Amino acid sequence: MPNILIEIEGVPRPVRELSWAYRLPCGCIQGCMLPDVFEEEAAWHQWFEEIGRKRERSREINKQRATGYTLTLEVRKAITAEIVGPPCPHKEDR
Ligand SMILES: [Zn+2]
């Protein structure tokens, strides 16, 4: 992986220390993936790559964003700690 620095909350971090975090509308983490791409739009398309047709994929991405799902570059260590932590307790609110 190239030695690229990306600013996370004002701190420049090497890409190898980061991951994309996929979060539910309540803010709880639901999954993560390696930062093979650095643009949010490209990351969404990678996240839903199993939806083969681009138009359907874009529709799903727009729907998710509109309902509050997020995909953000974050520090991998923190993400990992969240993922192994307790699952989302907000199910009733969804
Ligand atoms: Zn939650």
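Refer to the preceding data block for the structure.
Scope of this entry: the structure provided in the associated data block. As the structure is a computational prediction, the values presented were derived from the model and not from experiment.

What about the overall build of the chain?
Thought 1: When helices and strands are counted, the chain shows 3 helices and 5 strands.
Thought 2: For the chain, the sequential pattern of α-helices and β-strands runs β-β-β-β-α-α-β-α.
Thought 3: With the C-alpha coordinates aligned to their principal axes, the bounding extent of the chain is approximately 35 × 35 × 20 Å.
Thought 4: Residues counted as buried form 32% of the 94 residues belonging to the chain.
Thought 5: Across the chain, every contact between residues at least 6 apart in sequence was considered, and the portion connecting residues at least 24 apart equals 54%.
Thought 6: Total accessible area computed for the chain in this model is approximately 6,300 Å², and 53% of it derives from carbon and sulfur atoms.
Thought 7: Each charge sign in the chain was given a centre, from 14 positive and 15 negative side chains, and these centres are 4 Å apart.

As for the coordination of the zinc ion
Thought 1: Here the zinc ion is held by the protein donor atoms Cys-26 (SG), Cys-28 (SG), Cys-88 (SG) and His-90 (ND1), which lie 2.0 to 2.4 Å from it.
Thought 2: In this structure, the zinc ion is surrounded by 4 donor atoms whose angles at the metal cover 99 to 118 degrees, and the resulting shape is tetrahedral.
Thought 3: Mapped onto the sequence, the residues coordinating the zinc ion show the spacing C-x1-C-x59-C-x1-H.
Thought 4: The class of Cys-88 is buried, set by a relative accessible area of 17%.

As for the packing of aromatic side chains
Thought 1: Under the defined criterion, the tally for this structure stands at 4 aromatic pairs.
Thought 2: Here a set of aromatic residues connected by ring pairs shows up, and it is made of Tyr-22, Trp-44, Trp-47, Phe-48 and Tyr-69.

The rules behind each value
- Residues numbered from 1 in each chain as written.
- Predicted model: local features only at pLDDT ≥ 70, side-chain atom pairs only at ≥ 80, totals over all residues.
- Heavy atoms only, no water.
- Helix = DSSP H or I, 4+ residues; strand = E, 2+ residues; numbered from the N terminus.
- Buried < 20%, exposed > 50% of the residue type's maximum accessible area, 1.4 Å probe, protein only.
- Contact = heavy atoms within 4.5 Å.
- Areas by Shrake-Rupley, 256 points an atom, 1.4 Å probe, with all protein chains shown as cover.
- Lys, Arg positive; Asp, Glu negative; His and termini not counted.
- Charge placed at Lys NZ, Arg CZ, Asp CG, Glu CD.
- Donors = N, O, S within 2.8 Å, 3.2 Å for Na, K, Ca; no water.
- Tetrahedral: all angles 85-135°; square planar, octahedral: opposite > 155°, others 65-115°.
- Phe/Tyr/Trp six-rings, centres within 6.5 Å; stacked < 30°, edge-to-face > 60°.

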